[in-house]
Amino acid sequence: MSSESSQERKRKVIPSDEAPAEGKRKRKRSDPEQEGKYYGEEAEVDLRDPGRDYELYKYTCQELQRLMAEIQDLKSRGGKDAAVEIEDRRIQSCVHFMTLKKLNRLAHIRLKKGRDQTHEAKQKVDACHLQLQNLLYEVMHLQKEITKCLEFKSKHEEIDLVSVEEFYQEAPPDISKAEITMGDPHQQTLARLDWELEQRKRLAEKYRESLSNKEKILKEIEVKKEYLSSLQPRLNSIMQASLPVQEYLFMPFDQAHKQYETARHLPPPLYVLFVQATAYGQACDKTLSVAIEGSVDEAKALFKPHEESQDDESDSDAEEEQTTKRRRPTLGVQLDDKRKEMLKRHPLSVMLDLKCKDDSVLHLTFYYLMNLNIMTVKARVTTATELITPISAGDLLSPDSVLSCLYPGDHGKKTPNPANQYQFDKVGILTLRDYVLDLGHPYLWVQKLGGLHFPKEQPQPTVIADHSLSSSHMETTMKLLKTRVQSRLALHKQFASLDDSVLHLTFYYLMNLNIMTVKGKVTTATELITPISASDLLSPDTVLSCLYPGDHGKKRPNPANQYQFDKVGILTWRDFKSLI
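Calculation notes
Residues numbered from 1 in each chain as written. Predicted model: local features only at pLDDT ≥ 70, side-chain atom pairs only at ≥ 80, totals over all residues. Heavy atoms only, no water. Salt bridge = Lys/Arg side-chain N within 4 Å of Asp/Glu carboxyl O. Helix = DSSP H or I, 4+ residues; strand = E, 2+ residues; numbered from the N terminus. Buried < 20%, exposed > 50% of the residue type's maximum accessible area, 1.4 Å probe, protein only. Core = buried A, V, L, I, M, F, W, Y, C linked by side-chain atoms within 4.5 Å. Contact = heavy atoms within 4.5 Å. Pairing = 2+ DSSP bridges. Phe/Tyr/Trp six-rings, centres within 6.5 Å; stacked < 30°, edge-to-face > 60°. Lys NZ or Arg CZ within 6 Å of the ring centre and 35° of its normal. Axes fitted to C-alpha atoms, helices over the stretch in contact; angles between N-to-C directions.

Colleague: Before we go on, may I ask you to explain the pattern of salt bridges in this structure?
Modeller: Applying the stated criterion across every chain, the model contains 19 salt bridges. Note that Lys 112 is salt-bridged to Asp 116, the shortest N-O span being 3.2 Å. Of this pair, Lys 112 and Asp 116 both sit in helix H4 (residues 82-151), four residues apart, which is roughly one turn of that helix. Residue class for Asp 116 comes out partly exposed when judged on its relative accessible area of 35%. One salt bridge connects Arg 339 with Asp 336, and the closest N-O pair in it is separated by 2.8 Å. Pair noted here: Arg 339 and Asp 336 are both in helix H14 (residues 331-342), with a separation of three residues, about one helical turn. In this structure Asp 336 comes out as partly exposed when scored by relative accessible area, which is 38%.

Colleague: Where do I start with the nonpolar core in this structure?
Modeller: Grouped burial of nonpolar side chains is what soluble globular proteins tend to show. Ranked by size, the top nonpolar core spans 48 residues in total, and within it Leu 362, Leu 364, Phe 366, Leu 403, Trp 445 and Leu 481 carry the most contacts. Excluding residues that lie within four positions of it along the chain, Trp 445 makes contacts with Phe 366, Val 377, Leu 403, Leu 406, Tyr 407, Asp 410, Thr 477 and Leu 481. The next biggest cluster of nonpolar side chains, apart from the first, holds six residues, and it includes Val 162, Ile 175, Ala 191 and Trp 195.

Colleague: Before we go on, may I ask you to explain the pairing of strand S3 (residues 361-369) in this structure?
Modeller: Looking along a regular strand, one sees side chains alternate from face to face of the sheet. Burial of S3 is extensive: nine of the nine residues sit out of reach of the surface. Going residue by residue along S3, you find Val 361, His 363, Thr 365, Tyr 367 and Leu 369 tucked away on one face and Leu 362, Leu 364, Phe 366 and Tyr 368 tucked away on the opposite face as well. Pairing between strand S2 (residues 348-355) and S3: six bridges, direction antiparallel. Residue pairing for S3: Leu 352 is matched across the bridge by Leu 364. The loop that links S2 with its antiparallel partner S3 comprises five residues; one of these, Asp 359, has a positive phi angle of about 65°. With nine bridges connecting them, S3 and strand S4 (residues 374-382) associate as antiparallel partners. Bridge pairing in S4 links His 363 to Arg 380.

Colleague: Explanation requested: the packing of aromatic side chains in the structure shown.
Modeller: Any aromatic ring pair is given by two values, namely how distant the centres are and how the planes are angled relative to each other. Counted under the stated rule, the structure contains two aromatic pairs. The interplanar angle of 15° and the centroid separation of 5.6 Å between the aromatic rings of Tyr 443 and Trp 445 together place this pair among those described as stacked. Note on accessibility: Tyr 443 and Trp 445 belong to one class, buried. One cation-aromatic arrangement involves Arg 345 over Tyr 367; the distance from NZ or CZ to the ring centre is 4.1 Å.

Colleague: Please clarify how the sheet that holds S3 should be interpreted in this entry.
Modeller: The pairing of strands in a sheet comes from backbone hydrogen bonds and takes either a parallel or an antiparallel form. Ordered in space as S1-S2-S3-S4, the four strands form an open sheet in which the pairing is antiparallel. Among the strands making up the open sheet, the edge pair consists of strand S1 (289-294) and S4. Along the sheet, successive strands turn relative to each other by an average axial angle of 25°, direction set aside. Where S1 and S2 come together, six bridges link them in antiparallel fashion. Opposite Val 290, over in S2, you have Leu 352 as the bridge partner. Set on the sheet, helix H11 (residues 268-283) makes contact with S1, S2, S3 and S4; between it and S2 the angle comes to about 25°.

Purely geometric stuff here, so don't read any function into it on its own.
Here you go:
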């Protein structure tokens with residue numbers, strides 16, 4: 001039976017070449033039967049109990065083990081009847097194998113159905129989860145929309161509407177509708193918005209009219225600009241042609257115009273000084289000359305934007321790095337650089353030439369120290385004839401002392417700005433006295449001429465140049481300057497005449513008193529201008545007095561003379577000093 005079943009299986013699996021069509025037909029016919037069987041097993045799975053199948057599986061495996069053990073025992077014994085028994089047990093074993101195969105198929109079918117059921121349940125869960133996510137997203141979206149609606153701010157809230165009272169006063173009745181809007185805030189807001197719209201329409205119309213007027217005016221301005229631009233060359237040619245006339249009539253308009261153009265770049269204190277000195281010269285002193293010296297280009301460079309200066313510095317640094325390696329400066333060099341920066345003067349200065357009666361001129365140069373916010377002055381005196389300075393005249397006309405104490409106590413050795421001392425401490429400057437010769441003297445009257453005032457009781461953070469302060473001190477200061485120069489020149493002439501004078505000395509010997517006496521007389525080449533209060537400066541009685549300290553010549557130098565005077569009734573030597 002086993003051989004026949006194997007032959008039938010071979011015939012089903014391997015069809016013959018002679019009749020392939022018939023084999024196909026047979027396969028087609030047998031397919032519905034096999035499908036019925038397959039689907040019958042699927043239906044059988046639903047009817048069978050998995051627990052019983054598991055028990056059947058265990059029982060079949062035990063029977064197989066028993067049969068295999070008996071077959072092995074029979075083969076080991078050997079015998080004539082053993083082959084029949086072995087064949088019988090082999091058939092039983094095949095039946096059990098068929099049972100195992102069927103159980104295996106049923107298990108696979110159950111596994112497939114379990115997977116399908118799991119997949120279907122999973123799909124249902126995924127669909128429910130997706131639906132839940134959609135619902136949550138929809139809820140979140142609705143919440144956002146609700147929040148937006150709650151936080152909504154209408155544009156009309158940003159509009160500055162007219163007040164309610166003004167609205168009912170100015171708006172026409174067809175817009176205000178007082179009988180409706182008075183009790184309904186919503187209708188009232190709508191009516192106010194309508195009135196705002198109406199007003200804006202009117203303003204827009206006015207705006208368009210203003211724009212049209214503006215365009216007309218701009219066209220007129222352009223026409224006038226063209227006319228003025230063509231007029232400038234003609235005016236320049238007229239000015240050039242009028243230069244000889246200006247020189248002949250002593251009316252230097254062109255030079256004054258250039259000076260005023262340069263004055264635009266002066267710092268405020270120097271500008272105040274320039275304006276007030278020019279005004280004083282035009283009104284009171286025609287001989288006063290005012291001029292501006294210095295580099296205008298450097299003054300313009302001070303007002304350049306900081307970015308441009310940084311770009312220039314970076315370019316110069318890059319060039320220097322390409323050429324040479326720069327060493328880091330020492331602390332001393334850094335302090336020197338800081339001091340120079342602290343004492344830096346403005347590139348422009350103001351020159352005043354003050355002429356006196358004897359053709360002598362006082363040249364004043366005013367400077368402005370930008371970081372210290374003070375003004376300084378340098379003075380120089382020139383005369384019509386060259387002066388020979390005598391030894392006795394000392395420094396009467398020296399630039400360092402000619403203006404000293406023009407006002408009482410104003411030596412010009414200290415800075416008048418109290419804030420400068422804190423600046424000096426940072427860079428190691430003890431006093432400004434050491435730099436006066438180079439920078440000039442910061443007299444108090446110089447600050448007042450520049451409109452600067454530094455109150456000591458209540459210091460101000462920023463000092464502003466004041467024109468009224470400068471004008472109130474200008475006339476008095478100019479008169480004092482002229483008086484100082486004239487008096488110093490007169491005193492200089494007096495000392496010069498004294499250097500040319502001759503002192504005549506006549507010595508006497510008093511035999512009985514055993515002492516010597518002297519008489520002195522001064523003669524000068526020119527007659528001295530002697531005031532009454534100084535009438536006895538060159539008198540013979542006082543010209544040699546106190547040549548040495550305490551030596552007045554009023555007492556006898558010999559102690560024995562007092563006894564001689566007592567004998568003849570002479571009280572003191574003072575009564576006879578004019579004779580001997």
